[in-house]
Amino acid sequence: MSDKALVVLTGKSRETLMTEGGTAHWVLNPAVVRGFDYVICVRHANPPYDPGPGARPEPHGAAFLVAKIADLQLTGHDKERDRYRVMFESVTDVLVEDFWDGSRNPARYMPLTDVAARGIDLDALDFQPVTPPVVAPPPGDGGDAGGASPLTIADAKQGLAGMFGGPVE
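Residues numbered from 1 in each chain as written. Predicted model: local features only at pLDDT ≥ 70, side-chain atom pairs only at ≥ 80, totals over all residues. Heavy atoms only, no water.

Participant: Before we go on, may I ask you to explain the overall build of the chain in this structure?
Facilitator: When you go through the chain residue by residue, the secondary structure sums to 4 helices and 7 strands. Listing each helix as α and each strand as β along the chain from the N terminus yields β-α-β-α-β-β-β-β-α-β-α. Partitioning the contacts of the chain with sequence separation of at least 6, the portion at a separation of at least 24 is 72%. Entry remark: accessible area of the chain is about 10000 Å², with carbon and sulfur atoms responsible for 53%. (Helix = DSSP H or I, 4+ residues; strand = E, 2+ residues; numbered from the N terminus. Contact = heavy atoms within 4.5 Å. Areas by Shrake-Rupley, 256 points an atom, 1.4 Å probe, with all protein chains shown as cover.)

What follows is the structure, encoded as C-alpha cells:
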C-alpha cells in the first residue's frame, strides 16, 4: 500500500465519471500513480470545465468521490505531455468540504496522513464495485468509417496495389 493518494480537482459530475469509468485527462507520472491505491475527486465548481450531464451539488473544493484505482489508460497527448484516465475499481461517495488546499495544480499526490487530517478515513469507507464502461471505438478504428473493418498491413498492400496497378510487394 502506498503512503499517498492521487487527488484531482474536477468539474466532471459523478454521473460523467461513472459513465467514463474513471477520471480523465490528467498529466501524471504513470509509474508513480500505478503504485497508488486511491484517487480522490474534488469539486471544481467554476464552469466551463465540464459541460457534460449530471448535477454538481458539492461546493467548490469539497471531496465528493473516493475510488480505488484499477489502472491507468493513455487518453492522448497534448502540449508535449501524455494524459491519462484513472480507471475506477470501486467507489464511495463522500462529502468533505474544504478538502482542496488551493494548489494551482489540479492533480496532486497527497500523503495519506494529509488525507486523514483533511477528514477522510480511508479505512472506514464502504467501496462499491464499478462496472467497466462500454467505450466507443477510437476514430479510425472502423467505428466512424461507415462500418469498414480495420485493415491488416497485407490487406492494405493488396488494396493499394490494385488501386495503383502495381505489385503487392
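Participant: Would you take a moment to explain the packing of aromatic side chains for this structure?
Facilitator: Aromatic ring pairs: the centre-centre distance and the angle between the two ring planes describe each pair. Overall, the coordinates contain 2 aromatic pairs when judged by the stated rule. Each ring, one from Phe-36 and one from Tyr-109, has its centre 5.3 Å from the other, and the planes form 85°; the classification is edge-to-face. Of this pair, Phe-36 sits in the loop between helix H2 (30-33) and strand S3 (38-43) while Tyr-109 sits in strand S6 (residues 107-111); the two residues are 73 residues apart in sequence, bridging distant segments of the chain. Seen from the ring of Phe-64, Arg-43 lies directly overhead, with NZ or CZ sitting 4.1 Å from the centre. (Phe/Tyr/Trp six-rings, centres within 6.5 Å; stacked < 30°, edge-to-face > 60°. Lys NZ or Arg CZ within 6 Å of the ring centre and 35° of its normal.)

Participant: Quick question: what am I supposed to make of the nonpolar core here?
Facilitator: Across soluble globular proteins, you tend to see nonpolar side chains buried next to one another. If you look at the biggest cluster of nonpolar residues, it comprises 20 residues, and the most contacted ones within it are Leu-6, Leu-28, Val-39, Val-86 and Phe-88. For this core, the elements supplying multiple residues, two or more each, are strand S1 (4-10), S3, strand S4 (63-78) and strand S5 (81-96). For this core, the leading source of residues is S4, giving 5 residues. Among all residues touching Val-86, those that are not within four sequence positions of it are Leu-6, Gly-21, Gly-22, Thr-23, Trp-26, Leu-28, Val-39, Ile-69, Asp-71 and Leu-72. (Core = buried A, V, L, I, M, F, W, Y, C linked by side-chain atoms within 4.5 Å. Buried < 20%, exposed > 50% of the residue type's maximum accessible area, 1.4 Å probe, protein only.)

Participant: Would you explain the environment of Leu-95 in this entry?
Facilitator: Tracing the backbone through its elements, the reader meets Leu-95 in strand S5. The contacts of Leu-95, once residues within four sequence positions are left out, are Glu-58, Pro-59, Ala-62 and Ala-63.

Participant: I would appreciate a short explanation of the layout of surface pockets in the present structure.
Facilitator: Its boundaries defined by the atoms lining it, the largest pocket holds a volume of some 410 Å³. Along the walls of the largest pocket sit 17 residues, with Leu-9, His-25, Trp-26, Arg-83 and Pro-106 positioned nearest its centre. Among the secondary structure elements, those contributing two or more residues to the lining of the largest pocket are S1, strand S2 (22-26), S5 and S6. Considering every element that reaches the lining of the largest pocket, the biggest residue donor is S2, with 3 residues. Looking at the lining of the largest pocket residue by residue, the class counts come to 9 nonpolar, 5 polar and 3 charged. (1 Å grid on protein atoms, 1.4 Å probe; cavity = no way out; pocket = protein on both sides within 12 Å on 5 of 7 lines; lining within 4 Å. Points joined across faces, edges and corners; volume = space filled by probe spheres on them. Nonpolar A, V, L, I, M, F, W, Y, C, P; charged D, E, K, R; others polar.)

Participant: For this particular structure, what's the right way to read the side chain of Thr-92?
Facilitator: By the secondary structure assignment, Thr-92 is in strand S5. The class for Thr-92 is buried, based on a relative accessible area of 10%. In this structure the side chain of Thr-92 is engaged in a polar contact, spanning 3.1 Å, whose partner is the backbone oxygen of Asp-126. (Polar contact = N/O pair within 3.5 Å; in protein donor to acceptor, adjacent residues only side chain to side chain.)

Participant: Quick question: what am I supposed to make of the environment of Val-86 here?
Facilitator: As for its position among the elements, Val-86 is in strand S5. When the C-alpha positions of Val-86 and Ala-70 are compared, they lie 7.6 Å apart, and in sequence the two are 16 residues distant.

Participant: Just to check I follow, could you spell out the side chain of Ser-2 for this structure?
Facilitator: As for its position among the elements, Ser-2 is in the segment before S1. Residue Ser-2 is classed as buried on the basis of its relative accessible area, which comes to 16%. The residues touching Ser-2, leaving out its near neighbours within four places in the chain, are Gly-35, Phe-36, Asp-37 and Leu-112.

Participant: Even after reading the chapter, I still don't get the pattern of salt bridges, so can you show me in this structure?
Facilitator: Should the charged atoms of two oppositely charged side chains come close, the side chains can pair. Tallying each qualifying case throughout the model produces 7 salt bridges. The shortest N-O distance in the salt bridge between Arg-43 and Glu-58 comes to 2.9 Å. Of this pair, Arg-43 sits in strand S3 while Glu-58 sits in the loop between S3 and S4; the two residues are 15 residues apart in sequence, bridging distant segments of the chain. Among the residues examined, Glu-58 registers a relative accessible area of 14% and is labelled buried. In this structure, the salt-bridge partner of Arg-108 is Asp-101, at a minimum N-O distance of 2.6 Å. Several salt bridges share partner residues, and in doing so they unite Lys-12, Glu-20 and Arg-85 into one network. (Salt bridge = Lys/Arg side-chain N within 4 Å of Asp/Glu carboxyl O.)

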